[in-house]
Amino acid sequence: MIARAQDWVDKHVPYSQTGSHDGYRTDCSGFVSMAWELAKPGLTTFTMHTVSKNVTKAELAPGDAMNCDSHHIVLFAGWTSSDKSHYVAMEEANTAEGTVKKVIPYPYFNSDNCFHPIRYNSVC
């Protein structure tokens with residue numbers, strides 16, 4: 001999952017709510033759908049729950065995601081601090097940034113606490 005996501009980061013795939021890359025939408029949920037190898041063109045933040053389950057902060061592992069239904073989703077790539085206050089995220093951020101990898105405070109920048117950790121159901 002992380003290697004597939006890193007490919008988009010390396011290619012700096014531009015963000016677009018109408019575009020596609022390799023058959024996947026180039027928005028945040030299209031990006032996570034691609035990383036999880038879901039059917040093209042991918043799910044939306046609102047429908048990601050159909051292929052995932054909630055996990056706790058303590059259970060988060062690389063390849064999981066932080067989702068805010070109907071708003072935004074990022075791929076979790078690992079903790080950067082032992083207190084689990086920050087993590088590396090990979091995301092289709094916006095039209096100015098495109099696909100990026102960056103450190104984010106848990107659960108997400110200035111969020112209204114709608115972000116919650118999820119895990120793709122087909123992960124062992």
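The sections below set out a description of the structure shown in this document. Each chain carries its own residue numbering, running from 1 in the written order of its sequence. Local features in this predicted model are restricted to residues whose pLDDT is 70 or higher, and side-chain atom pairs enter the listing and the counts only when it is 80 or higher, whereas totals over whole chains, interfaces and linings include all residues. Only hydrogens and water are removed before side-chain values are computed, so all heavy atoms of the structure are retained for them.

As for the environment of Phe-109
Piece 1. The helix and strand labels rest on DSSP assignments: H or I over at least four residues marks a helix, E over at least two residues marks a strand, and numbering proceeds from the N terminus. Relative to the helices and strands, Phe-109 is located in the loop between strand 7 (99-105) and strand 8 (116-120).
Piece 2. Residue Phe-109 is classed as partly exposed on the basis of its relative accessible area, which comes to 36%.
Piece 3. Contact between two residues is taken to exist if any of their heavy atoms lie within 4.5 Å; hydrogens are not considered. Those residues in contact with Phe-109 that lie beyond four places of it in its chain are Lys-102, Val-103 and Ile-104. Partly exposed residues are those whose accessible area sits between 20% and 50% of the maximum for their type, while under 20% is buried and over 50% is exposed, using a 1.4 Å probe and protein chains only.

Some points on the side chain of Glu-91
Piece 1. Tracing the backbone through its elements, the reader meets Glu-91 in strand 6 (residues 86-92).
Piece 2. Two N or O atoms form a polar contact when they lie within 3.5 Å of each other; inside protein one atom must be a possible hydrogen donor and the other a possible acceptor, and for residues adjacent in sequence the pair counts only when both atoms belong to side chains. Within polar-contact distance, the side chain of Glu-91 engages the side chain of Lys-102 at 3.2 Å.
Piece 3. Excluding anything up to four places from it in sequence, Glu-91 contacts Phe-31, His-72, Ile-73, Val-74, Gly-98, Thr-99, Val-100, Lys-102, Ile-104 and Tyr-108.

Focus: the environment of His-21
Piece 1. With respect to the helices and strands, the residue His-21 is situated in strand 1 (residues 20-21).
Piece 2. When its relative accessible area of 21% is taken as the criterion, His-21 is described as partly exposed.
Piece 3. In sequence terms His-21 and Val-9 are 12 residues apart; their C-alpha atoms lie 12 Å from each other.
Piece 4. Those residues in contact with His-21, other than ones at most four positions away along the chain, are Trp-8, Lys-11, Val-13 and Thr-26.

Some points on the packing of aromatic side chains
Piece 1. Think of it this way: a Phe, Tyr or Trp ring, Trp meaning its six-membered ring, pairs with another when their centres are within 6.5 Å, and the plane angle makes it stacked under 30 degrees, edge-to-face over 60, tilted otherwise. According to the stated counting rule, one finds nine aromatic pairs in the structure shown.
Piece 2. The interplanar angle of 45° and the centroid separation of 5.8 Å between the aromatic rings of Trp-79 and Tyr-106 together place this pair among those described as tilted. You can see Trp-79 sitting in strand 5 (residues 72-79) and its partner Tyr-106 sitting in the loop between strand 7 and strand 8, a full 27 residues away along the chain.
Piece 3. Overall, the relative accessible area of 23% leaves Trp-79 in the partly exposed class.
Piece 4. Residue class for Tyr-106 comes out partly exposed when judged on its relative accessible area of 24%.
Piece 5. Each residue in the set Phe-76, Trp-79, Tyr-87 and Tyr-106 is aromatic and connected to the rest through ring pairs, giving one cluster.

A few points about the state of the cysteines
Piece 1. Disulfides are defined as cysteine sulfur pairs within 2.5 Å. In total, this model carries one disulfide according to the counting rule given.
Piece 2. The disulfide partner of Cys-68 is Cys-114, and the gap between their sulfur atoms is 1.8 Å. The sign of the -105° torsion about the S-S bond sets the Cys-68-Cys-114 disulfide as left-handed. Remark: Cys-114 occurs in the loop between strand 7 and strand 8 and Cys-68 occurs in strand 4 (residues 65-68); sequence separation between them is 46 residues.
Piece 3. A relative accessible area of 4% places Cys-68 in the buried class.
Piece 4. With relative accessibility at 25%, the residue Cys-114 sits in the partly exposed group.
Piece 5. With no disulfide partner, Cys-28 has as its closest neighbouring cysteine sulfur the one in Cys-68, 9.7 Å distant.

A closer look at the pairing of strand 6
Piece 1. Among the seven residues in strand 6, six count as buried, and that is most of the element.
Piece 2. One bridge is not enough; two strands pair if DSSP finds at least two bridges between them. Summarising the sheet, strand 5 and strand 6 pair through four bridges and their orientation is antiparallel. Bridge pairing in strand 6 places Gly-78 opposite Val-88.
Piece 3. Connecting strand 5 to the antiparallel partner strand 6 that follows it, the hairpin turn spans six residues, and Lys-84 within it adopts a positive phi of roughly 55°.
Piece 4. Connecting strand 6 to the next strand, strand 7, in antiparallel fashion are six residues, including Gly-98 with a positive phi near 70°.

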